[in-house]
Every structure is written in structure tokens, then in C-alpha cells.
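# Remarks on the overall topology
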Amino acid sequence: SQFAMAYWNQRSPIPAVSAGSEPAAVVHPGAIGAAARRGLALRGLAPKGYAALDRVPDLVITVCDVALEGQLPFPAASRLHWSVPDPASGRDPDAFDSAFDALAARIDRLLPAVAAPKD
């Protein structure tokens, strides 16, 4: 999720990236709007596939059940799964705000437990 990445990067010195197995061509306007209402800028960001990552992640958090069920290319990475309904799949005008709030709450709980990797 692009807004999970943006929220994490606003709150933590440990960088996060967003990537997926089947990235969309553009960030959904609903995600851009939900992020903007929270002071996060997503405009101009482009969704990325796993191949675009410049290194193997230490931790992978899937937020889509399809990604969880698929073959993730990072067998050595620690994994978490947060099942968050896809806000783009329905017609609920509040879906992006609900998804953002669910992800933000989980990120806030996880942040104290994640330490920067040692060089």
C-alpha cells in the first residue's frame, strides 16, 4: 500500500517501500485523497513490482490476501500479514479512509518493536 509506506516513512527513520506482485499503473485517486487528508503526499508516486526493489527486504508486510496467497520472492524475509479489505474493490466512499486508519493503527503498534538493522 502506497499510503502505508508513506505513513511508515513519516513516523520511522527505518525506510519502507511499497511493492506488489501486480502493481497498478497509477496510485488510485482514493488513496491519494485519503493520504492528503492526513498530510501525506502520494501524488507523483508510481506503484512498483517486486523486481523494482533494490535490495531484499528484512520484513515483508502483506496487506492484500491475494499477495499472501501468492508466491513472494523473499523467502528469507520475516513476514507479517494484515488483512485489510481492498478499498478500490468497492463503492464505499469511506473505504480508503477506513483502510488508511486500519493500517496506521497497526503501524503505530508495530513501530516500537522494529529496530534499525545493524551494519
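We now turn to the structure provided with this report. (Residues numbered from 1 in each chain as written. Predicted model: local features only at pLDDT ≥ 70, side-chain atom pairs only at ≥ 80, totals over all residues. Heavy atoms only, no water.)

## Comments concerning helix α1 (residues 2-11)
With 7 of 10 residues buried, α1 lies mostly within the body of the structure. Of all the residues in α1, the buried ones are Gln-2, Phe-3, Ala-4, Met-5, Ala-6, Tyr-7 and Trp-8. Those residues of α1 that are buried are in contact with α2 (29-36) and α4 (95-110). (Buried < 20%, exposed > 50% of the residue type's maximum accessible area, 1.4 Å probe, protein only. Helix = DSSP H or I, 4+ residues; strand = E, 2+ residues; numbered from the N terminus. Contact = heavy atoms within 4.5 Å.)

## Section: the side chain of Gln-2
Following the sequence through the fold, Gln-2 ends up in helix α1. Judged by relative accessible area, which is 11%, Gln-2 ranks as buried. Ignoring sequence-local partners within four residues, the contact set of Gln-2 consists of Ser-18, Val-27, Leu-42, Leu-45, Ala-46, Pro-47 and Lys-48.

## With respect to the pairing of strand β1 (residues 59-62)
Residue alternation in β1 divides its side chains into a buried set, Val-60 and Thr-62, and an unburied set, Leu-59 and Ile-61. Summarising the sheet, β1 and strand β2 (residues 78-81) pair through 4 bridges and their orientation is parallel. Following the sheet pairing, Leu-59 is matched in β2 by Ser-78. (Pairing = 2+ DSSP bridges.)

Bear in mind that shape data such as this cannot, by itself, settle questions of function.
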